[in-house]
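One letter stands for each residue in the lines below.
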Amino acid sequence: MTSLVRNREFRAVAVTELLSVLGDQLSRVALALLVFARTGSAGLSGLTYALTYLPAVAGGLLLSPMADRRPRRAILIAIDAARAVIVLAMAVPGTPLPILCALVAASTFLSGPYQAARLAMLRDILPQEQYGPGMAIRQSLNQGATLAGFASGGFLSTAFAPTTCLVVDGATFALSALVLLLFVRHRPATLPSAAPAAVTTTLRLVWRSPALRAVFLTAFSALFLIAPEALAVSLAAELSVSPRWVGLFMASAGLFAIVFLALLARYVTAAHYAKAFPVASVAPGLPLLPMAAIDDPYLILLVFGLSGAMWAVSIVISVSSFAELLPDDQRARGMGIAASTNLTAHGVGAAVAGLIAERIGAGAAISVLGLAGVAFAILPVMLWRRAGHPARHPDTAPALTP
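Not measured: the values here are computed from a predicted model. (Residues numbered from 1 in each chain as written. Predicted model: local features only at pLDDT ≥ 70, side-chain atom pairs only at ≥ 80, totals over all residues. Heavy atoms only, no water.)

(A) Layout of the pattern of salt bridges. This model, assessed by the stated rule, comprises ten salt bridges. The shortest N-O distance in the salt bridge between Arg83 and Asp24 comes to 3.6 Å. With Arg83 in helix H6 (residues 72-90) and Asp24 in helix H2 (residues 8-39), this pair connects stretches of sequence that are 59 residues apart. Considered together, Arg83 and Asp24 belong to a single accessibility category, that of buried residues. Taking the shortest distance from any N to any O, the salt bridge between Arg333 and Asp68 comes out at 2.9 Å. Residue Arg333 is located in helix H18 (residues 331-360), and its partner Asp68 is located in helix H5 (residues 66-69); the two are separated by 265 residues in the primary sequence. One salt-bridge network, held together by shared partners, links Asp68, Arg72, Asp124, Asp328, Arg331 and Arg333. (Salt bridge = Lys/Arg side-chain N within 4 Å of Asp/Glu carboxyl O. Helix = DSSP H or I, 4+ residues; strand = E, 2+ residues; numbered from the N terminus. Buried < 20%, exposed > 50% of the residue type's maximum accessible area, 1.4 Å probe, protein only.)

(B) Just the confidence of the model for the protein chain, in detail. When pLDDT is averaged along the protein chain, the result is 85; 92% of the residues meet or exceed 70. For the stretch residues 394-402, pLDDT sits under 50, and the model shows eleven contacts to residues farther than four places along the chain or on other chains. (pLDDT = per-residue confidence, 0-100. Contact = heavy atoms within 4.5 Å.)

(C) Region of interest: the UniProt feature "transmembrane region" (unreviewed entry) in the protein chain. Mapped onto this structure's residue numbering, the UniProt feature "transmembrane region" (unreviewed entry) falls at residues 42-62, 166-184, 214-233, 245-264, 300-323, 335-356 and 362-384. The span residues 214-233 is 70% helix and 0% strand, and its two end C-alpha atoms sit 33 Å from each other. Across residues 362-384, helical content stands at 100% and strand content at 0%; the span's end C-alpha atoms are separated by 33 Å. (UniProt positions renumbered as here; feature names shortened; annotations may be inferred.)

(D) Spatial organisation of the packing of helix H11 (residues 210-217) against helix H17 (residues 297-325). Where H11 meets H17, the closest approach of the two axes is 9 Å, and the angle between their N-to-C directions is 150°. Here H11 is positioned roughly antiparallel relative to H17, judged by the angle of their axes. Considering the relative orientation of H11 and H17, their crossing is left-handed. Contacts between H11 and H17 pair Ala211, Leu212, Val215 and Phe216 from the former with Ser318, Ser321, Phe322 and Leu325 from the latter. Tallied by class, residues from the contact of H11 with H17 come to six nonpolar, two polar and no charged. (Axes fitted to C-alpha atoms, helices over the stretch in contact; angles between N-to-C directions. Parallel < 35°, antiparallel > 145°, perpendicular 65-115°, else oblique. Left-handed = near helix turned anticlockwise from the far one by under 90°. Nonpolar A, V, L, I, M, F, W, Y, C, P; charged D, E, K, R; others polar.)

(E) The arrangement of the nonpolar core in detail. If you look at the biggest cluster of nonpolar residues, it comprises 77 residues, and the most contacted ones within it are Met90, Tyr131, Leu166, Leu180, Phe322, Met335 and Trp384. Sort the elements by how many residues they give to this core and helix H7 (residues 97-125) lands first, with 13 residues. Grouped together as the second largest cluster of nonpolar side chains are 27 residues, Ala222, Leu231, Ala232 and Ile366 included. (Core = buried A, V, L, I, M, F, W, Y, C linked by side-chain atoms within 4.5 Å.)

(F) View of the environment of Leu147. Counting through the fold element by element, Leu147 comes out in helix H8 (residues 128-159). Residues Leu147 and Ser27 lie 120 residues apart in sequence; the distance between their C-alpha atoms is 13 Å. The contacts of Leu147, once residues within four sequence positions are left out, are Ala251, Gly254 and Leu255.

(G) A look at the packing of aromatic side chains. Evaluated as defined, the whole model comprises six aromatic pairs. Ring centres 5.0 Å apart and planes at 90° place the aromatic pair Trp245 and Tyr298 in the edge-to-face group. Here Trp245, found in helix H15 (residues 244-267), pairs with Tyr298, found in helix H17; they are 53 residues apart in sequence, far enough to count as distant. Among the residues examined, Tyr298 registers a relative accessible area of 58% and is labelled exposed. (Phe/Tyr/Trp six-rings, centres within 6.5 Å; stacked < 30°, edge-to-face > 60°.)

(H) The arrangement of H18 in detail. With 30 residues, H18 extends 42 Å between its outermost C-alpha atoms, agreeing within 8% with the 44 Å of an ideal straight helix rising 1.5 Å per residue. Looking one or two residues past H18, Gly361 carries a phi angle of roughly 100°, positive in sign. (Expected span 1.5 Å × (residues − 1).)

(I) Expanded view of a nonpolar patch on the surface. There is a patch of nonpolar side chains on the surface, built from Leu175, Leu178, Leu181, Leu182 and Phe183 and spanning about 450 Å² of accessible area. Turning to its location among the elements, Leu178 is positioned in helix H9 (residues 162-183). (Patch = residues over 30% accessible without salt bridge, like charges linked within 9 Å, V, L, I, M, F, W, Y side chains within 5 Å. Areas by Shrake-Rupley, 256 points an atom, 1.4 Å probe, with all protein chains shown as cover.)

Written out as structure tokens, the structure is:
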């Protein structure tokens, strides 16, 4: 842990991600309020909010090969600079709504390859034994930044104006680019510019390897585990509790996760991740099983917190294992594919949770989806055991060609 904190490049990347997550949450609050104030339409406000997530799926799939073909630091700096300009353009008073939505989509589209490049570059910076603890620290900071961003976004938007949040977000991107430029050293691209860098090449690699396939399948867990967040409003209405519980329900996962991830980074080394993977895959769904019978909001906070914290731990172990198993010249593509799949699963899972809740109620829907999540986790666990808990991808593994 001490060596991680002393690593200047890791500190720089952690700071830039903290800035990015904080700024993104500020923008999400600001855009939802801005669009609703202009149109009075909850539907358009929700659509704009969705645009802060969904285009990242396409961006990750289409542009993540760039982060294998080009120096990853240069990719991050260029995207940070571009997004700073885009977000500041959103803050211009009187920007027509169609143009505002187009700018939101463009900024989110660039976040896909940005995330792929950042996760791949972290593995360039950190050795194998430090990557897992580094991911745990990163995830803890992200949870804290998410909570702070939502809270401060509401305050800034009401105390000043929603555009204030957008200006702050643009400044965070500019500062992030500067930090990367000053404190992260240049590394050459991992793949020659003339070499093929098709996403299909990496998909075939993942499909042929039981270990990679096992870890990749965990990206679909959001189909089931997003239910507590997606149904927090419905659950509060179902229980006839104050709306203030909605925010507490949604925040509980982040608060618990900060504690669990700190413990993971402190006491579980990367060498133990292979053995922990099966338990980490199954565990997040288990606390959700009794939700149909729980009507005490304090118990719900505990249930949601435990599930969210276990899910955060599972993400750290899965992402760390995936990065280690992928060959370096395909790491950014693999990370981009997994991140895009996970974002898609978040969106689809939220919609499915809503449909089920309309039929059987929010509490029962969360229980059903928790059970489905546990059942689904059996598949990656079986594949992982079949692969024999591999620790890393052989450095001498030949690259696949299309």
